[in-house]
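Close look at the chain arrangement
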Amino acid sequence: MAGPCSARLQGEAAAFTAALRTLVNNPQFSDVTFVVGREQQKVFAHRCVLACRCQAFQGMLSQGLAGSEDPPSSIPPQDPFILGNVQPKVFLAVIEFLYTNSVTLNSHIALEVLTSSVEYGLQDLCKLCIKFIKDTLTVEQVCEALQAAVTYGLGDLQQHCLAFIEGCTTAVVRTQGFHELSDVVLAQVLRSDRLAVDELDLVHAVREWAHVSSAVLERPVPEVAALPVRELRLPLLAPSELATLESHNQRDLLIPVESIAAAWRSHALRRGSGVPSRLCRPRRGTRPRDHHRQLDPHAK
């Protein structure tokens, strides 16, 4: 005689999600409270949902119960958890995801939700944030997105942001986000051959970035700019431009004297002698100069 049949049948997912959504930040039956942001906004949640969906929350909630021999039903409510460094809207987006496996994003909070997703170890939320950021990327936001991508090791987002910057470099270097890039990330951008901007304009942009960074970090311009300046392709500049740059450089010492001297040598000796070959390659947006043919090692 055949044994009993068994099967797992799936109900309507949308109805289930909608029901759980009603519990998001709902004080009814809530057994844990968070006080979030400078506004000290209260956010209500349920331990069992947070703990089963996120190991970080499981650890956070377990700390208050460690050593207790009382059954869960008799454990008194914990004191509110204070989360002062996150916006309430951002934290609520994380909570929404934990309850519904979906998230409501906008361009104002997407990067901060991405940061929270990394901090809480929520890989699926991280993927949703990356998709939204890539789909809605703008000139004003791309540098901040690139900085986050490099910080958290998000290679796919990093490549997407760099390609975006390469397509509209002239506009990007004028943004506040560009001026707020770290020296490491800026140097990475400057290594690209596909930047759609002339080298002289790029030198001006790096100078503005360096002065902003110097003021913010309270460090000398040459010190904050040491890494990015190595990626400026000074041999691409015409002799008259190089002479003007050398004059301006006396004011802030942005560029090491040795780098300017090497650029002059490339003019005197031709074919980029004495400088790394990458610094002699025109970028996609480089305006042609008469001497560029001399820098091409393949030119006859």
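Scroll up for the structure.
How each quantity is defined
- Residues numbered from 1 in each chain as written.
- Predicted model: local features only at pLDDT ≥ 70, side-chain atom pairs only at ≥ 80, totals over all residues.
- Heavy atoms only, no water.
- Helix = DSSP H or I, 4+ residues; strand = E, 2+ residues; numbered from the N terminus.
- Buried < 20%, exposed > 50% of the residue type's maximum accessible area, 1.4 Å probe, protein only.
- Lys, Arg positive; Asp, Glu negative; His and termini not counted.
- Charge placed at Lys NZ, Arg CZ, Asp CG, Glu CD.
- Phe/Tyr/Trp six-rings, centres within 6.5 Å; stacked < 30°, edge-to-face > 60°.
- Lys NZ or Arg CZ within 6 Å of the ring centre and 35° of its normal.
- 1 Å grid on protein atoms, 1.4 Å probe; cavity = no way out; pocket = protein on both sides within 12 Å on 5 of 7 lines; lining within 4 Å.
- Points joined across faces, edges and corners; volume = space filled by probe spheres on them.
- Nonpolar A, V, L, I, M, F, W, Y, C, P; charged D, E, K, R; others polar.
- Core = buried A, V, L, I, M, F, W, Y, C linked by side-chain atoms within 4.5 Å.
- Pairing = 2+ DSSP bridges.
- Axes fitted to C-alpha atoms, helices over the stretch in contact; angles between N-to-C directions.
- Expected span 1.5 Å × (residues − 1).
- Arc of directions from axis to C-beta.

The next thing to look at is the overall build of the protein. The helix and strand tally for the protein stands at 17 helices and 3 strands. Seen along its three principal axes, the alpha-carbon backbone of the protein occupies a region of about 90 × 55 × 30 Å. The buried share of the protein, taken over its 300 residues, is 42%. Taking the 29 positively charged and 31 negatively charged side chains of the protein as two groups, their mean positions are separated by 8 Å.

Turning our eyes to something else, we now look at the packing of aromatic side chains. Counted under the stated rule, the structure contains 5 aromatic pairs. A centroid spacing of 5.8 Å and a plane angle of 75° characterise the contact between phenylalanine 34 and phenylalanine 57, whose relative ring orientation is edge-to-face. Here phenylalanine 57 lies in helix α3 (residues 55–63) and phenylalanine 34 lies in strand β1 (residues 32–36), a separation of 23 residues in the sequence. For phenylalanine 57, a relative accessible area of 0% gives the class buried. One aromatic cluster is present, formed by Phe34, Phe57, Phe81, Phe91 and Tyr120 through successive ring pairs. We note arginine 53 situated over the ring of phenylalanine 97; from NZ or CZ to the ring centre the distance is 5.1 Å.

Another aspect to go through is empty space enclosed by the protein. To find leftover empty space, a probe the size of one water molecule is rolled over the atoms. Here the structure, examined in full by the defined rule, presents 2 cavities of 30 Å³ or more. Looking at the largest cavity, the residues that line it are Ser107, Ala110, Leu111, Phe132, Ile133, Thr136, Leu137 and Gln141. Listed by contribution, the elements that provide at least two residues to the lining of the largest cavity are α5 (110–119) and α6 (123–136). The greatest single-element share of the lining of the largest cavity, amounting to 3 residues, is contributed by α6. Residues that form the lining of the largest cavity fall into these classes: 5 nonpolar, 3 polar and no charged. By volume, the second largest cavity amounts to about 50 Å³. Around the second largest cavity, the lining residues are Cys143, Ile165, Thr169, Val172, Val173, Phe178, Leu186, Val189, Leu190, Leu195 and Leu202. Of the residues forming the lining of the second largest cavity, the biggest block, 3 residues, is contributed by helix α11 (residues 183–190). Considered class by class, the residues forming the lining of the second largest cavity number 10 nonpolar, 1 polar and no charged.

If you check the backbone angles, asparagine 101 has positive phi at about 60° while not being a glycine. As for its placement among the helices and strands, asparagine 101 is situated in the loop between α4 (88–100) and α5.

Turning our eyes to something else, we now look at the nonpolar core. One broad rule of soluble globular proteins: the nonpolar side chains tend to lie buried together. If you look at the biggest cluster of nonpolar residues, it comprises 78 residues, and the most contacted ones within it are Phe34, Leu50 and Phe91. Core analysis: the second largest hydrophobic core is formed by 5 residues, Ala262, Val275, Cys280 and Leu295 among them.

The next subject is the layout of surface pockets. Of the pockets and cavities examined, the largest pocket occupies roughly 210 Å³. In terms of lining, the largest pocket is formed by Glu140, Cys143, Glu144, Gln147, Thr175, Gln176, Gly177, Glu180 and Leu181. Put simply, the parts of the chain that give the lining of the largest pocket at least two residues each are α7 (142–151) and α10 (176–179). If one sorts the elements of the lining of the largest pocket by residue count, α7 sits on top with 3 residues. Here the residues of the lining of the largest pocket are counted per class, giving 2 nonpolar, 4 polar and 3 charged.

Note: strands within a sheet are paired through backbone hydrogen bonds, in either parallel or antiparallel orientation. Here 3 strands make up an open sheet; going across it, the order is β2-β1-β3 and the pairing mixed. Unpaired on one side and paired on the other, β2 (41–45) and β3 (81–83) mark the two borders of the sheet. When strand polarity is set aside, the average angle formed by the axes of neighbouring strands in this sheet is 25°. Pairing geometry for β1 and β2, over 5 bridges, is antiparallel. Across the sheet, the residue bridging to threonine 33 is phenylalanine 44, located in β2.

The terminal C-alpha atoms of α6 lie 20 Å apart, and with 14 residues this matches the ideal 20 Å at 1.5 Å per residue to within 8%. Listed in full, the buried residues belonging to α6 are Leu125, Cys126, Cys129, Ile130 and Ile133. Buried residues of α6, viewed axially, fall in a sector of 140°; they line one side. Away from its buried face by more than 90 degrees, α6 exposes Lys127, Lys131 and Asp135.

Bringing the pairing of β1 into the picture now. In terms of burial, β1 is a largely internal element, 5 of the 5 residues being buried. Burial along β1 is two-sided: Val32, Phe34 and Val36 facing one way and Thr33 and Val35 facing the other are all buried. Where β1 meets β3, 3 bridges bridge the pair, whose relative direction is parallel. Across the sheet, valine 36 pairs through a bridge with leucine 83, a residue of β3.

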